[in-house]
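Here is how the chains run, residue by residue.
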Amino acid sequence: MRTGSPTGDVDPRVLDVLLGVGIAMGVALVILADPGRIDPAPAPAAAYLFAVGFGLLMAVRRRHPRLVLVLTVIGIFVYYAIGFPPIGIALPASAALYSAAEQGHTSWAVALSALLTGVAAYFRIAEGQPTAYLLGYELLTNVALVAAAIALGVSVRARRQARVQAERIAALTSAEQQHRADQRLQTERVQIARDIHDVVGHTLSVVAVHANVADEAIGHDDEAAHRAVAQIRATTAETMGELRATVRLLRDPGTVAPGLAGLARLTDPAREAGLTVETAVDVSNGALSGAIDAAAYRIVQESLTNVLRHADAQRVEIAARVADGTLHLDVIDDGVGSVPEPPAERAGGHGIAGMAERATLLGGTLTAGPREGGGFAVRALLPARLDR
């Protein structure tokens, strides 16, 4: 027989056997002792059969607690009706009362224990026992014993339910934590996808502009064509380096992402493409959290990409400053103004929609639209630090 579970708990069947043996032996010892016996002859063997029967009922106490309780009470009544030596009522009934209460049948246990003690007291009085003794000692003793058995069963059941509830809460908490981890992972994946989109999109825009310059200059201004091809080579090489950095960021979260300090990587290719770019960045080292710094870089990158693709602009102004714990970031051009985003970009979360979502996720705002007098402006307000 298995005596332990994988968790180290004792097998319930072993407990039932031990309880049954204890009840049978206890009742048998009381029958054997019989302090009120006058006749020196031993108690009938049938009396011990009742002791064995009370013990055997414990084998099914978990599956049929109410049946065990009813049979125990009936067995006690029959035992006394036959005239066997007194064994009390609490000892043979205690295990059945405990089992009923433990399995959630407390009302049955209370009702049958009241019936048992009431009937016992009635017949004791009818036999001429002193009322004061019965009410002051025996009745109180019986009530205390059966009440203790019921209370123990209720307590065990409550502890078991509390343990089950705690396990459910732990399981739900674990599931919630896993769900949040999955959400964070999905957010990181979307963020990385946006970063790759921004890098590749910006690079392709620069390459397209310089390719057009080289195409127009070939045969007329070979030096300009060579400069354009060299700029294409430098831009693609730099982009490959940035993509490698993004891969390193996937492998090592401690890798530093590009920030406003690296704006030259964006503005130099734009200047080589013929765009006049002016920057006014007044942000001290350490003033921005890493995520904010990286987001600002990506917003500028996407804005310059849109200028190169759509705006037909000659001049771009980039301004960044920190005031009252907020990063103010502006990218303003003198181009044709608002250009409708392609449906794929609107649906996929790129372009202006992607920049706005990026700012919102970080607790900031982003607006983009045409300016009075011409041109287009992208303005972002982001918290300087995320750790405040």
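Criteria and thresholds
- Every chain's residues receive numbers from 1 upward, in the order its sequence appears when written.
- Per-residue local features are limited, in this predicted model, to residues with pLDDT of at least 70; the limit for side-chain atom pairs, both in listing and counting, is 80 or more; totals at the level of whole chains, interfaces and linings are taken over all residues.
- By convention in this description, side-chain values take in all heavy atoms of the structure and omit both hydrogens and water.
- A helix here means a DSSP run of H or I that spans at least four residues, while a strand means a run of E at least two residues long, and both kinds are numbered starting from the N terminus.
- Burial status follows relative accessibility: with a 1.4 Å probe on protein chains alone, a residue under 20% of its type maximum counts as buried, one over 50% as exposed, and anything between as partly exposed.
- Method for areas: the Shrake-Rupley scheme with a 1.4 Å probe, in which residue coverage is limited to the protein chains shown.
- In this scheme, a helix's expected span is set at 1.5 Å multiplied by one less than its residue total.
- Any two residues whose heavy atoms approach within 4.5 Å are treated as being in contact.
- What counts as an axis is a line fitted to C-alpha atoms, over the stretch in contact for a helix, and the angles between N-to-C directions run from 0 to 180 degrees.
- For classification purposes, angles smaller than 35 degrees are called roughly parallel, those larger than 145 roughly antiparallel, those between 65 and 115 roughly perpendicular, and all remaining angles oblique.
- Polarity classes work like this: nonpolar for Ala, Val, Leu, Ile, Met, Phe, Trp, Tyr, Cys and Pro, charged for Asp, Glu, Lys and Arg, and polar for all others, with Gly in that last group.
- When DSSP finds at least two bridges between two strands, those strands are taken to pair.
- UniProt positions are given in the numbering used here, feature names are shortened, and annotations may be inferred rather than shown by experiment.
- Handedness of a crossing is defined here by the sense of rotation of the near helix relative to the far one, left-handed for an anticlockwise turn of less than a right angle and right-handed for a clockwise turn.
- For this analysis, a nonpolar core means a set of buried residues of the types Ala, Val, Leu, Ile, Met, Phe, Trp, Tyr and Cys, connected via side-chain atoms within 4.5 Å.
- Patch members must show over 30% relative accessible area and no salt bridge, and they are joined within 9 Å when carrying like charges or within 5 Å when they are nonpolar side chains of Val, Leu, Ile, Met, Phe, Trp or Tyr.
- Salt bridges are counted wherever a side-chain nitrogen of Lys or Arg sits within 4 Å of a carboxyl oxygen of Asp or Glu.
- By arc we mean the arc of the directions from the helix axis to the C-beta atoms, nothing more.

1. Overview of the overall build of the chain
A tally of helices and strands in the chain yields eleven helices and five strands. For the chain, the residues scored as buried account for 37% of the 388 residues in total. Roughly 21600 Å² of accessible area belongs to the chain as shown, and the carbon and sulfur atoms make up 61% of that amount.

2. A few points about helix α1 (residues 12-33)
With 22 residues, α1 extends 31 Å from end C-alpha to end C-alpha; this agrees with the ideal 32 Å at 1.5 Å per step. Regarding α1, the residues found buried are Val14, Asp16, Gly20, Ile23, Ala24, Gly26, Val27, Ala28 and Ile31. Contacts from the buried residues of α1 go to α2 (45-56), α3 (65-82) and α4 (90-102).

3. Focus on the packing of α2 against α3
In the contact formed by α2 and α3, the axes pass within 11 Å of each other and the chain directions differ by 175°. Classified by the angle their axes make, α2 and α3 are roughly antiparallel. On α3, the residues touching Ala47, Phe50 and Phe54 of α2 are Thr72, Gly75, Ile76, Val78, Tyr79 and Ile82. The residue makeup of the contact of α2 with α3, split by class, is seven nonpolar, two polar and no charged.

4. Things to note about the sheet that holds strand β2 (residues 315-323)
Across the sheet, which stays open at both edges, the five strands sit in the order β1-β2-β3-β5-β4 with mixed pairing between neighbours. In this open sheet, the two strands that pair with only one neighbour each are β1 (276-282) and β4 (365-370). Ignoring which end each strand starts from, the neighbouring axes of this sheet average 10° apart. Where β2 lies against strand β3 (residues 326-333), eight bridges are found, and the strand directions are antiparallel. By the bridge assignment for β3, Ile318 is matched with Val331. Lying over the sheet, helix α8 (residues 264-272) contacts β1 and β2, oriented at roughly 160° with respect to β1. Lying on the sheet, helix α11 (residues 351-361) is in contact with β4 and β5 (376-383); it crosses β4 at an angle near 155°.

5. As for the UniProt feature "transmembrane region" (unreviewed entry) in the chain
Mapped onto the present numbering, the UniProt feature "transmembrane region" (unreviewed entry) falls on residues 12-33, 45-60, 67-87, 107-125 and 132-154. The span residues 45-60 carries 75% helix and 0% strand; its end-to-end C-alpha distance comes to 24 Å. When the span residues 67-87 is considered, its composition is 76% helix and 0% strand, and the gap between its end C-alpha atoms is 21 Å.

6. Some details on the environment of Ala356
Here Ala356 is to be found in helix α11. Sequence separation between Ala356 and Ala368 is twelve residues, and the spatial gap between their C-alpha atoms is 8.7 Å.

7. Brief notes about the packing of α1 against α2
The geometry of α1 relative to α2 is characterised by a closest axis approach of 7 Å and an angle of 160° between their N-to-C directions. Accordingly, the angle class assigned to the pair α1 and α2 is roughly antiparallel. Note on packing geometry: the crossing formed by α1 with α2 is right-handed. The segment α1 lies against α2, with Gly20, Ile23, Ala24, Val27, Ala28, Ile31 and Leu32 engaging Ala47, Tyr48, Ala51, Val52, Phe54 and Gly55. When the residues that make up the contact of α1 with α2 are grouped by side-chain class, the tally is eleven nonpolar, two polar and no charged.

8. A short note on the nonpolar core
Grouped together as the largest cluster of nonpolar side chains are 35 residues, with contacts concentrated most on Leu275, Ile299, Val300, Ile318 and Leu327. Of all the secondary structure elements, the ones that give two or more residues to this core are α6 (131-217), α8, α9 (290-311), β2, β3, α11 and β5. Tallying contributions element by element places α9 first for this core, with nine residues. Apart from the residues within four sequence positions on either side, Val300 is in contact with Leu263, Leu266, Ile318, Leu329 and Val331. Judged by nonpolar contacts, the second largest core, of 31 residues, contains Ala90, Ala96, Ala100 and Ala149.

9. Quick word on a nonpolar patch on the surface
Together, Leu67, Leu71, Ile74, Val78 and Ile82 make up a nonpolar patch on the protein surface, roughly 420 Å² of accessible area in all. With respect to the helices, strands and loops of the structure, Ile74 is situated in helix α3.

10. A look at α11
Those residues of α11 that sit buried are Gly351, Gly354, Met355, Arg358 and Ala359. Along the axis of α11, the buried positions cluster into a sector of 135°, meaning they face one direction only. Looking one or two residues past α11, Gly363 carries a phi angle of roughly 85°, positive in sign.

11. Some thoughts on unusual backbone geometry
One non-glycine residue, Asp324, lies in the positive phi region at around 55°. Its place among the elements puts Asp324 in the loop between β2 and β3. Judged by its relative accessible area of 81%, Asp324 falls in the exposed class.

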